[in-house]
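# A structural walkthrough
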Amino acid sequence: MASATSLAHHDAGTEDFAALLDATLGPDTGFAGSVVSGRVIRIDDDYAVVDVGLKSEGRVPLKEFAPQGQKPEVKPGDVIELFVERYEDRDGSIVLSREKARREEAWTNLEKAYQAQQRVNGTIFGRVKGGFTVDLGGAVAFLPGSQVDIRPVRDVGPLMGSPQPFQILKMDRARGNIVVSRRAVLEETRAEQRSELIQGLKEGMILDGVVKNITDYGAFVDLGGVDGLLHVTDIAWRRINHPSEALTIGQPVKVQVIRFNPETQRISLGMKQLMADPWDGVALKYPVGAKFSGRVTNITDYGAFVELEPGVEGLVHVSEMSWTKKNVHPGKIVATSQEVDVMILDVDEPKRRISLGLKQAQGNPWELFLEAHPPGSEVEGEIRNITEFGLFIGIGPDIDGMVHMSDISWDEAGEQAMARFNKGDVVKAKVLDVDVEKERISLGIKQLQADPAAEVLDRVRKGDIVTTIVTQVQANGIEVKVEDVLTGFIRRAELARDRGDQRPDKFAVGEKVDAKVVAVDRAARRLSLTIKGKEVDEEREAMKEYGSTDSGASLGDILGAAIRRRREMAGEE
């Protein structure tokens, strides 16, 4: 147990040591909590031994001289600022802190900068709730997430660990709180750059920028303090429906100033102007009549736009899309992004217009049909439609041929012949005519067989006397058949020589009648006949054969003799 004398002596020594410290640090400076200068004497294990001008030496942990994981940069002889935390009363050693000394010094300097509204340098080193921590030369500050940059920053990684300027927004030394802003520094710098850029801005200048925002009609590009509009039509020569197809927010771009209004400070930018114009010499690259492949980029009510190469588009008007599909929306014929073959119809290089034809590249189906099926050839197809005047037969994927009602049967009337057919029936027909210009194909069903009246038509001549059979009695005359295959008609006025006998009701269906051929209509397969003309001819012949100026015979006698002679001849037959 220590004696009272020794304890008293120890207490006296402690008081002397404290007095000595007070003398060294100054009467107004307390011992603990002060910053003093010291010189490193040696390095012992994990501590640096420092002489601060007192009887005892102080120790500072080496880890306070360097960030974690790095080698401390301290050596004997270095003079450093230290914070006196306390002294050990048993052995008189002093506990010193390098880190707290730096912090105290930093706070003093930061307060001066805060009062003068000056920027301070710091390093972002950690992430906390709502923001980040910043090392301001020993003092730790809080950087809110909203104060990191002018625009929201997705990745702060590249900013961490890099010294950069900050603006102090708030300081409270008592609580140890410091709030800083990087955004305020950027905005100030941006304002300076904006003023400088606006003063030197001219049309035609090429600048570097960053895509700041994207809208439906274009993109806003940050030129470094000032924004310019890059319209969607000036991004590229090719068609771009939405700017997001070619740009992303934060993307660095090189742009040219197209227009600049100093009064409104509106800047119009372009990217495509820095690239070669694909329309230069387009008339030589795309001659009229040549065929090319392209991609459908846009479809409208009046046609479809086809990209021949990036930046060069042509219009296929709706009238040039299909040979067969009329009054159909272009979207029913082609689809966006579809690869199609087109023909160049017209090129207007100054107006940057190219007219294209889709149907021309596919070939005229009527021309192709005529080559494969000339008149006289046979075809087969399904009846697609039946109208008042004929049948429409499908003879290709999209083309029809028409059988007129008069070309269905040699013998039957048109309506009667059509009644035998139904929609969907598959029939054969002969090609009669192909009109490519009018896009018409005439077919015939009856032409598949020989005309039964052809032999009679070849034999009968105008003036011949033929025997007919009455088939129909009408008010204006009678219809007759010649040799059961050829139709003839005798008008009322031609039924008899005497006007009183010109009555159709004198004749009965099935009755045989001799008549003279007045006209032969080969195309209609029809004869015009007369009984009156036959009787006049017979009278003339009778007068010639039996009549004489001096015979005294009457006309009745002459005709009576002629009739008897005819009957006798008929009896002999």
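Description of the structure in this document. Sequence order sets the numbering: in each chain, residues are counted from 1 along the sequence as written. Owing to the predicted nature of the model, reporting of local features is limited to residues with pLDDT of at least 70; listing and counting of side-chain atom pairs is limited to 80 or more, with chain, interface and lining totals taken over all residues. Each side-chain value is derived from all of the structure's non-hydrogen atoms; neither hydrogens nor water enter the calculation.

### Thoughts on the sheet that holds strand 17 (residues 303-309)
Defined as follows: Two strands qualify as a pair provided DSSP detects at least 2 bridges between them. Runs of H or I in DSSP of at least four residues are treated as helices and runs of E of at least two as strands, each being numbered from the N terminus. Axes, fitted as lines to C-alpha atoms, cover a helix only where it is in contact. Angles between the N-to-C directions of the axes lie from 0 to 180 degrees.
Reading around the barrel, the five strands line up as 16-17-18-20-19 and close back on themselves, with mixed pairing between neighbours. Taken pair by pair, the neighbouring strands of this sheet meet at an average axis angle of 50°, ignoring direction.

### Topic: the pairing of strand 24 (residues 426-435)
Relative to strand 24, strand 21 (residues 378-386) runs antiparallel, the two sharing five bridges. The residue of strand 24 that forms the bridge with Val379 is Ala429. Examined bridge by bridge, strand 24 and strand 25 (residues 440-444) share five bridges and lie antiparallel to one another. By the bridge assignment for strand 25, Val434 is matched with Ile441. Here strand 24 folds back onto strand 25, and the loop between the two strands holds four residues, one of which, Glu439, carries a positive phi near 55°.

### Observations concerning the pattern of salt bridges
Convention followed: Salt bridges are identified by distance alone: a Lys or Arg side-chain nitrogen within 4 Å of an Asp or Glu carboxyl oxygen.
For the coordinates displayed, the defined rule picks out 19 salt bridges. Residues joined by salt bridges that share partners form a network here, namely Arg497, Asp498 and Glu539.

### Some points on the pairing of strand 16 (residues 291-300)
Direction of pairing for strand 16 relative to strand 19 (residues 339-348): antiparallel, over a ladder of five bridges. Pairing of Arg295 across the sheet is with Glu339, part of strand 19. Note that strand 16 and strand 17 share five bridges and pair antiparallel. The residue of strand 17 that forms the bridge with Val296 is Val306. Linking two consecutive strands that pair antiparallel, namely strand 16 and strand 17, is a turn of two residues.

### Considerations on the packing of aromatic side chains
Cut-off, in case you're wondering: Each pair of aromatic rings taken from Phe, Tyr and Trp, with Trp reduced to its six-membered ring, is defined by centres within 6.5 Å and is described as stacked if the planes are under 30 degrees apart, edge-to-face if over 60, and tilted in the remaining cases. Per-residue accessibility, obtained with a 1.4 Å probe over protein chains only, is compared with the maximum for each type, and a residue is labelled buried under 20%, exposed over 50%, and partly exposed between these values. Here, a charge over a ring means that NZ of Lys or CZ of Arg falls within 6 Å of the ring centre while also lying within 35 degrees of the ring normal.
As enumerated under the stated definition, the model contains three aromatic pairs in all. The interplanar angle of 70° and the centroid separation of 4.8 Å between the aromatic rings of Tyr286 and Phe292 together place this pair among those described as edge-to-face. Taking the relative accessible area as the measure of exposure, Tyr286 reaches 6% and is therefore buried. Considering the side-chain rings of Tyr302 and Phe305, the 6.4 Å spacing of their centres and the 85° angle between planes classify their relative orientation as edge-to-face. One cation-aromatic arrangement involves Arg239 over Phe305; the distance from NZ or CZ to the ring centre is 4.7 Å.

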